[in-house]
Amino acid sequence: MKRQSFVLRRVLTLAIVLVLVGQACTLSLLTNPFNTTPATQIPGNTIETATPQPMAQTNFIVTLPEPLQANESLTLIVMDEVTGLPLNPTEYPMSARDSLTYTGTIPLPYNSVVKYRYARRGASLTMEDTTLGSAIRYRMHFVAGPADVQDIVSDWGDRSYSRPTGIILGQVFNADTGAPLPNMLVTAGGVQHITDSMGRFELGSLPVGTHNLLAYSLDGMYKPFEQGATVAEGQTTIVDLRVRPVKLVSVTFIVSVPSSTVPGVPVRIAGNLLQFGNTFADLQSGASVSTDRMPILNLQADGRYAVTLGLPEGTHIQYKYTLGDGFWNAERKNGGQLFLRDFIVPAQDVTLQDAVATWSVGDSAPILFETTIPSVTPPGDIIYIQFNASGWTEPIPMWPLGNYRWAYKLYGPLNFLGSFSYRYCRNGQCGSADDGQTVGATPAGRQAQTSLLAQDLQDTVGVWKWFENPEPVTLVGANITARSNGFVAGVEYQPTYRPNWSYYAPQAFANTQALGSNLAVLTPTWTYTNVSPLRFATLPGQDPLWIDSAIMISQARALGLNVALFPTPNFPVGSDTTAPPSSNFWLGAPRDAQWWQTWFTRYRAFAVNYADLAAQTGAQTLILGGEWVKPAMPGGIIADGIPSNVPADAEAQWKAIIADVRTHFKGQVFWAMPFTPSVVTTPLNFLQDVDGIYLLWSAPISTSQTATKADYANEAGRLLDNEVAPLASLLNKPLILAVNYPSATGAANGCVPDGAGKCLDWSFLSRPNTDITAATLNLQTQADAYEAILTAINNRSWISGIISRGYYMPVALQDKSSSIHSKPAADILWYWFPRLLGKVQ
């Protein structure tokens, strides 16, 4: 109970920050900009963050894999994750103790957490990487006092070494309660791991020697813990870490902004914790903070801005004020230098009094961007602007003016000469929901030129790509039979994830509710980053963090939706668009006995993680399996019919996994299995251990391009009666049809042509993937397929529910994907769902 209570406390803390973030949507310029909120009460002591902090001398000692060349030197780079890892590094030269050992002493603030990495400077700067060749984002050190920090460089980005390695394996626990802790970042040797629900972490392929091991709370709710850990060749070092929770302190931020600031525009705080927009991920062009996740300050009657946040005592906070993100329109020093504030949260409530010196840098004048957007733009959309000076950066929300007009004033940095590019998009989904003039991942963009004179660039978005002229479908009435209370009708959201998507989750859940749904199926992910040795865990930026999923579940339940979790892995995406990304994974795996044992161990941890999340957040259903696990089934095969060499005890392995899941989660457990016509096999014994079947349905329901909706419905009914009904009868369990048809010609036939004589794997039509021009948009095909499936279900009472798969959460697009978000197929569901559920007669 204590563990669940603390999890809910963390969810509530971050949910409050999301509310603060959401205030940006309500701002409107050119109304009264001084329509202020009541002045924020000032608790506790008042200090200025410019106050110097006591420093500790920290001696870094690093061992290299080989001596440097005569023209090379070693440098330690302290990273700034708030501005962006490559954007504001501070280099410290290291001195040679001998040919392989270098040292350097740096003064660092007490109780701070420094992020750093090593680089070799010669003709160019070469960063260190891991023994597996992956980049090192940064190492971490907790400055409890003066200390020696011992590190080992594994590899360089341009060189690889064969050297003995080992593993650090362990768990992180709450030191007060003994409960395991998810969502903790554990790092050693530059290798990072986010703990699962059991607090587990694995840091593999570390070079032999002693490493600095640190456990860090992404939201600061636990005090950092650091110790040395020795790795031996071919051995696993077991380490359990115990971290102490800390109390929350009310911290009020009050800031004065330059007189040149447009009155009333949102001022945000970018910082190094989750609460300040840090995603702990590599976003576009080196950014790590997301504007959509930052808290917004309130305009006060005296023209200053203020906000009060609950922050963990003793936590090291690095932050800056911004009108954009950590780089664009972020505060600067008077001389234009990048600026990052440091602060250790005290034991008592406190008020910080700050002043922004300037938003600008250099002599170039600010540029005002104004754009008029199409009247068909959904009223809840937010328009973003994206800049490109040397690469497209993270989109930034603009400021609403009303009457389909939006604006954004760029103050800096504009200290570069010449032109730069920019573009507009909807809901931050640049590359997917684009201005029709700047479509795709790498457009040239609109052009702007820096100038000594102020500029006002006025643009018009003539059309939004994939939302050119949305029109509702003409609905045809049907005699629909209301089902029993156990029937489900809902939406499954696509598993692709980006950190700014969570901002739009409440809107997606409201849309789901408006369809008449009673179930929201979330598809949280972990990522396979390496096949051998197998690496499968949360990858920030690609996978939702534990706290992100917990908040989304809470938001869906607050709207009265039941919630199911369908954990789904991410795989590296190859160039073959005709096969699912999992195909290359299975083909490249060793698939020997030891590898398979590791695979089953990792999948069990994956399933238990989300069983715990479901139990602690009140989700009603957990869905295991999926099409991608077919090679792990008894007698499994991979591409081209090759045996997967799955162990003979695979059936027992799956039964044990389901049994383990049930000890963690008392709700319904369903099994997801694909339906392939004429290939329905004898049910596996372990299916008797689950509560129902989640049948993944994308079956061909036509063999003719001239087939009608009635033909679709007849074929769907034939398949259900001849191939699915026997399965349902044999298992005698609820069966939910999870439907997936893209809005592309050929979908009803089961083949969307790739232009080279093959059929596309439909997942490649989903956003944010690049558009596949060989596929032809056909919204009507998707709508007709759904109406046909619903008609077939209407006459078959043994089917317990229908789910629409692939919903694109952040924005409405009438594209080729399987998402029904604001497509004609959504109108079909809007008509059918409430009638099937008996809400409408």
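### Section: the overall build of the chain
Per the secondary structure count, the chain includes nine helices and 43 strands. A principal-axis box enclosing the C-alpha atoms of the chain has dimensions of 75 × 65 × 55 Å. Looking at the 841 residues of the chain, the share that counts as buried comes to 59%. Taken as a whole, the chain presents about 31,500 Å² of accessible surface, with 52% of it coming from carbon and sulfur. The distance from the centre of the 53 positive side-chain charges to the centre of the 63 negative ones in the chain is 4 Å.

### With respect to the state of the cysteines
Per the stated rule, a full pass over the model turns up two disulfides. One disulfide bridge connects Cys-425 with Cys-430, the sulfur atoms lying 2.0 Å from each other. Judged by the sign of its S-S torsion, about -75°, the bond between Cys-425 and Cys-430 is left-handed. Judged on exposure class, the residue Cys-425 and its partner Cys-430 are both buried.

### Observations regarding the confidence of the model for the chain
Across the chain, pLDDT averages 93, with 93% of residues at or above 70. Note on residues 16-39: pLDDT is under 50 here. Beyond four places in sequence and across chains, it has 51 contacts.

### Things to note about the environment of Val-608
By the element assignment, Val-608 lies in helix α5 (residues 593-617). Along the chain, Val-608 and Val-661 lie 53 residues apart, while their C-alpha atoms are 5.4 Å from each other. Leaving out residues up to four positions away in the same chain, Val-608 has contacts with Ser-197, Met-198, Asp-660, Val-661 and His-664.

### Some thoughts on α5
With 25 residues, α5 extends 36 Å between its outermost C-alpha atoms, agreeing within 8% with the 36 Å of an ideal straight helix rising 1.5 Å per residue. Counting buried positions along α5 gives 18 out of 25 residues, so the element sits mostly inside the fold.

### Some details on the sheet that holds strand β34 (residues 488-493)
Sheets are built from strands paired through backbone hydrogen bonds, the pairs being either parallel or antiparallel. What the eight strands build is a closed barrel, ordered β34-β35-β38-β39-β40-β41-β42-β43; its pairing is parallel. Direction aside, neighbouring strands of the sheet carry axes that sit 25° apart on average. Summarising the sheet, strand β35 (residues 519-522) and strand β38 (residues 562-565) pair through four bridges and their orientation is parallel. Its bridge partner being in β38, Leu-519 is matched across the sheet by Asn-562. On top of the sheet, helix α2 (residues 505-514) reaches β34, β35 and β43 (801-807); it is set at about 155° to β34, its chief contact.

### A closer look at the environment of Glu-226
Within the element layout of this structure, Glu-226 appears in strand β17 (residues 225-231). The spatial distance from the C-alpha of Glu-226 to the C-alpha of Pro-569 is 31 Å, given a sequence separation of 343 residues. In contact with Glu-226, other than residues within four places in its own chain, are Met-140, His-141, Phe-142, Asn-212, Leu-213 and Leu-214. In terms of polar contacts, Glu-226 uses its side chain to reach the side chain of His-141, at 3.0 Å. Here Asn-212 takes part through its side chain, which lies 2.4 Å from a polar atom of the side chain of Glu-226.

### Let's talk about the pairing of strand β3 (residues 73-78)
Working note: regular strand, side chains alternate between the two faces of the sheet. Among the six residues in β3, five count as buried, and that is most of the element. Sheet topology places β3 next to strand β4 (residues 90-93); four bridges connect them, and they run antiparallel. Within β4, the position partnered with Leu-76 by the bridge is Tyr-92.

### Re the pattern of salt bridges
Between side chains of opposite charge, pairing is possible as soon as their charged atoms come close. Scanning all chains against the criterion turns up 34 salt bridges. With a shortest N-O distance of 2.8 Å, Glu-715 and Arg-718 are connected by a salt bridge. Note that Glu-715 and Arg-718 are positioned in helix α7 (residues 709-731) at a spacing of three residues, about one turn of the helix. Judged by its relative accessible area of 23%, Glu-715 falls in the partly exposed class.

### What about unusual backbone geometry?
Residue Pro-413 is bonded to the preceding Gly-412 through a cis peptide linkage, with omega at 0°. Along the chain, Pro-413 turns up in the loop between β30 (405-410) and β31 (419-426). With an omega dihedral of 10°, the bond running from Arg-767 to Pro-768 counts as a cis peptide bond. Although it is not a glycine, Asn-111 sits at a positive phi angle of roughly 65°. Along the polypeptide, Asn-111 turns up in the loop between β6 (101-109) and β7 (113-121). We note that Asn-645 has phi near 60°; this positive angle belongs to a residue other than glycine. Mapping Asn-645 onto the fold places it in the loop between β39 (621-625) and α6 (650-664).

### A short note on helix α8 (residues 779-794)
In a regular helix each residue adds 1.5 Å, so 16 residues correspond to 22 Å; α8 covers 23 Å between its end C-alpha atoms and thus fits that length. Buried residues dominate α8, accounting for 14 of its 16 residues. A distance of 3.3 Å separates the backbone nitrogen of Gln-780 from a side-chain oxygen at the start of α8, and that oxygen is part of Asn-778.

Conventions used here
Residues numbered from 1 in each chain as written. Predicted model: local features only at pLDDT ≥ 70, side-chain atom pairs only at ≥ 80, totals over all residues. Heavy atoms only, no water. Helix = DSSP H or I, 4+ residues; strand = E, 2+ residues; numbered from the N terminus. Buried < 20%, exposed > 50% of the residue type's maximum accessible area, 1.4 Å probe, protein only. Areas by Shrake-Rupley, 256 points an atom, 1.4 Å probe, with all protein chains shown as cover. Lys, Arg positive; Asp, Glu negative; His and termini not counted. Charge placed at Lys NZ, Arg CZ, Asp CG, Glu CD. Disulfide = S-S within 2.5 Å. pLDDT = per-residue confidence, 0-100. Contact = heavy atoms within 4.5 Å. Expected span 1.5 Å × (residues − 1). Pairing = 2+ DSSP bridges. Axes fitted to C-alpha atoms, helices over the stretch in contact; angles between N-to-C directions. Polar contact = N/O pair within 3.5 Å; in protein donor to acceptor, adjacent residues only side chain to side chain. Salt bridge = Lys/Arg side-chain N within 4 Å of Asp/Glu carboxyl O.

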